[in-house]
Amino acid sequence: MKPKSIRSEFLRRLLLAVATMLVVPLALSAHVNSPDVYFDGQAGPYHLLVTVRPPKVVPGIAQIEIRSADAGVDEIKILPLRMVGEASKLAPTADTAQRSVADPQLFSGQLWIMARGSWKVQINVQGKRGPGELAVPMPAVSSGSASMQIALGVLLAFLGLLLCAGLVGIIGAASREADLPPGDQPAAEKKLLSRIGMAVTAAMIVVALIGANRWWDAEARANARLNYKLPQLHASLQAGNLLRLQLENPNQTELGRFGTVPPDRFVLTDLVLDHGHLMHLFLVRMPDMKSFWHLHPEQTGEGQFDVGLPSMPAGRYQIFADVVHSTGFPETQVGGIDLPAIAAGALNGDDSGIAEAVPADKVASLSGGYRMVWLRDDAPLKANQAVWFRFRVEDKVGKPAADMESYMGMAGHAAFVSNDGRIFAHVHPAGSVSMAAVNIAEGEAPPVRDMPAMQHDHPGAEVSFPYGFPRPGDYHIFVQVKRAGRVETGSFLAHVQ
């Protein structure tokens, strides 16, 4: 693309961004009402906790916060990159993240995201122990629109009318008096010409305003069609205990400037394995949230999955189905189903769950007299605040459990679910990002089975999850670890201010 074309495209997108920010303040990400990304990773020798707050609308500005757990970081640079396609090879100039004056290990910055789709934030670190690099996946979408603020609308309308009246007045004065010597009065024909000029100008302004309004409405409708819609899957109980899921693909693709189809378009034929499974299915009985299940259906067709349910109590279940596209874009499809009491066999493979969880404030009972302890202080939890949620598994006498195992290549898995079921996040010790997306962001091919980030040795008794609640309210936290060949689930209550 020529430099002039690039500038024109940038200006077009910038104007669209400004217009969009005026009228579209609401947004959603691929996760269920939990759009911020929390990632705990290594940039070379430096341990970083990265928080990415995607823009509420696209085009828009992403907010980046990076906390270094290690001293010796001199400079951090950040830049946005597409995950796939030719654009992933065209890196813009990196921005320097600003070091906090009050906290020298905290850096922050902003990045423009100019198109919807699958992105990553590239982080380059310079420090006393040499350079380091880290890539953090970031889905970028818009999901809703809202009306312009009334006061702003009234102000803009008044200024617009003032400009139109001024233009009509200028045309009238120019037609009537432009060639008059100073002190002379305009003749009758000049006055008539002036009135005609003003009338024609007013008519042209009205036509221009009508055309502009139609153009604006067309742009707004086109933008609304591209807003991200939370996919709603269809669930049905077949013969016996077979649960069938049909995924939905309601989102349209934003075409390129010349009508080209982007490589990160939404399709249901490009799902990739994440921790060895195409889908991680969570069933939570509502409203008591005592029956919790983490299952792994098998794909039987395009967007269709089957899974045999284990023995579980009857009730209304909220469904959250996590999948990852080959572009690194994660999606959580949601649904609900009324289930009778299921009498079936034991759990299979990596499937896990608990039928009657007893939620705890700090200490959850596990099988065999073991327990899971939430290592937290008495400070209140606050919305949009990144926290390391730390848990420890203890044996019967209170010592750290010595027989821990990795569960699907991780020390643990956690699900943060609001009590109304409207917020859901599946989090790992590395954060809220999909590990398959991390793999793709680092330039690896989509995983076939295992992923480099998967851990197969024996983890310790303590596990932590970086996450931040998106809004105040009451939540359940389901923490799953594997011990002595058995997956244990601890349930905790959390109140967020």
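Residues numbered from 1 in each chain as written. Predicted model: local features only at pLDDT ≥ 70, side-chain atom pairs only at ≥ 80, totals over all residues. Heavy atoms only, no water.

Undergrad: What exactly am I supposed to notice about the overall build of the protein chain here?
TA: In terms of regular secondary structure, the protein chain is built from four helices and 27 strands. Each of the three principal axes of the protein chain carries a C-alpha extent, and together these read 105 × 60 × 45 Å. Among the 497 residues that make up the protein chain, the fraction classed as buried is 46%. In the protein chain, the proportion of contacts linking residues at least 24 apart, taken out of those at least 6 apart, comes to 68%. Surface exposure of the protein chain reaches about 23500 Å², of which carbon and sulfur atoms provide 58%. The distance from the centre of the 44 positive side-chain charges to the centre of the 47 negative ones in the protein chain is 6 Å. (Helix = DSSP H or I, 4+ residues; strand = E, 2+ residues; numbered from the N terminus. Buried < 20%, exposed > 50% of the residue type's maximum accessible area, 1.4 Å probe, protein only. Contact = heavy atoms within 4.5 Å. Areas by Shrake-Rupley, 256 points an atom, 1.4 Å probe, with all protein chains shown as cover. Lys, Arg positive; Asp, Glu negative; His and termini not counted. Charge placed at Lys NZ, Arg CZ, Asp CG, Glu CD.)

Undergrad: Mind showing me how you'd approach the environment of Q299 here?
TA: If you trace the backbone, Q299 turns up in strand β14 (residues 298–301). Each C-alpha atom of the pair Q299 and R244 lies 9.9 Å from the other, and the pair is 55 residues apart in sequence. Beyond its immediate chain neighbours, meaning those up to four positions away, Q299 contacts L268, L278, Q304 and F305.

Undergrad: What should I look at first to understand the side chain of H476 in this one?
TA: Along the chain, H476 falls in strand β26 (residues 473–483). We classify H476 as buried; its relative accessible area is 6%. Side-chain polar atoms of H476 contact the side chain of N419, separated by 2.9 Å. In contact with H476, not counting residues within four places along its chain, are D288, M289, P359, A415, F416, V417, N419, S491, F492 and L493. (Polar contact = N/O pair within 3.5 Å; in protein donor to acceptor, adjacent residues only side chain to side chain.)

Undergrad: Explanation requested: the nonpolar core in the structure shown.
TA: Counting 32 residues, the largest nonpolar core has L48, V50, I66, I76 and I123 as the members making the most contacts within it. Sorting the residues of this core by element identifies β1 (37–43), β2 (46–53), β3 (60–68), β4 (73–82), β7 (106–113), β8 (117–127), β9 (130–140) and α4 (435–441) as the ones contributing at least two each. Grouped together as the second largest cluster of nonpolar side chains are 30 residues, M404, F416, V479 and V481 included. (Core = buried A, V, L, I, M, F, W, Y, C linked by side-chain atoms within 4.5 Å.)

Undergrad: What is the right way to read the packing of aromatic side chains from this model?
TA: Inspection of the entire model under this criterion finds 20 aromatic pairs. Measuring from centroid to centroid gives 6.1 Å for Y228 and F329, while their planes differ by 45 degrees, and the two rings are tilted. On the criterion of sequence distance, the pair formed by Y228 in the loop between α3 (188–226) and β10 (234–237) and F329 in the loop between β16 (315–324) and β17 (330–339) is long-range, its members being 101 residues apart. Taken individually, Y228 and F329 each receive the classification buried, so the pair is uniform in this respect. Centre to centre, the rings of F292 and F478 are 4.1 Å apart; their planes meet at 10 degrees, and the pair counts as stacked. Of this pair, F292 sits in strand β13 (residues 292–295) while F478 sits in strand β26; the two residues are 186 residues apart in sequence, bridging distant segments of the chain. Residue F478 is classed as buried on the basis of its relative accessible area, which comes to 1%. Taken together, the ring pairs connect Y38, W374, F389, F391, F416, F465, Y467, F469, Y475 and F492 into an aromatic cluster. One cation-aromatic arrangement involves R376 over W374; the distance from NZ or CZ to the ring centre is 4.7 Å. R483 extends its terminal NZ or CZ atom over the ring of Y370, reaching a point 3.6 Å from the ring centre. (Phe/Tyr/Trp six-rings, centres within 6.5 Å; stacked < 30°, edge-to-face > 60°. Lys NZ or Arg CZ within 6 Å of the ring centre and 35° of its normal.)

Undergrad: Can you help me understand the pairing of β4 in this one?
TA: Residues in a regular strand point their side chains to alternate faces of the sheet. Most of β4 sits inside the fold, with seven of its ten residues counted as buried. Where β4 and β8 come together, nine bridges link them in antiparallel fashion. What sits directly across from L79, in β8, is Q122. In this sheet, strand β5 (residues 95–96) lies alongside β4 in antiparallel orientation, the contact comprising two bridges. Counterpart to I78 in the pairing with β5 is D95. (Pairing = 2+ DSSP bridges.)

Undergrad: Before we go on, may I ask you to explain the packing of helix α2 (residues 150–177) against α3 in this structure?
TA: Each pair of packed helices can be summarised by the angle the axes make with each other and by the distance between the axes. Their axes nearest at 8 Å, the elements α2 and α3 cross at an angle of 150 degrees. What the angle tells us is that α2 and α3 run roughly antiparallel. Considering the relative orientation of α2 and α3, their crossing is right-handed. Within the contact between the two elements, α2 uses C164, L167, V168, I171, G172, S175 and R176 and α3 uses K190, K191, L193, S194, G197, M198, T201, A202, I205 and L209. Across the contact of α2 with α3, the residue classes tally to nine nonpolar, five polar and three charged. (Axes fitted to C-alpha atoms, helices over the stretch in contact; angles between N-to-C directions. Parallel < 35°, antiparallel > 145°, perpendicular 65-115°, else oblique. Left-handed = near helix turned anticlockwise from the far one by under 90°. Nonpolar A, V, L, I, M, F, W, Y, C, P; charged D, E, K, R; others polar.)

Undergrad: Looking at this model, I keep getting lost on a nonpolar patch on the surface. Mind explaining?
TA: A cluster of nonpolar side chains, namely M148, L155, L156, F158, L159 and L162, defines an oily patch on the protein surface of about 540 Å² accessible area. Inspection of the secondary structure puts L159 in helix α2. (Patch = residues over 30% accessible without salt bridge, like charges linked within 9 Å, V, L, I, M, F, W, Y side chains within 5 Å. Salt bridge = Lys/Arg side-chain N within 4 Å of Asp/Glu carboxyl O.)

Undergrad: Looking at this model, I keep getting lost on the sheet that holds β10. Mind explaining?
TA: For sheets, the rule is that strands pair by backbone hydrogen bonds, running either parallel or antiparallel. If you trace the four strands from one edge of the open sheet to the other, you get β10-β11-β15-β14, paired in antiparallel fashion. On the outer flanks of this sheet lie β10 and β14, each paired with one strand and no other. On average, adjacent strands in this sheet sit at an angle of 30 degrees to one another, irrespective of strand direction. Of the strand pairs in this sheet, β14 and strand β15 (residues 304–308) are connected by three bridges, and their pairing is antiparallel. Within β15, the position partnered with G301 by the bridge is Q304.

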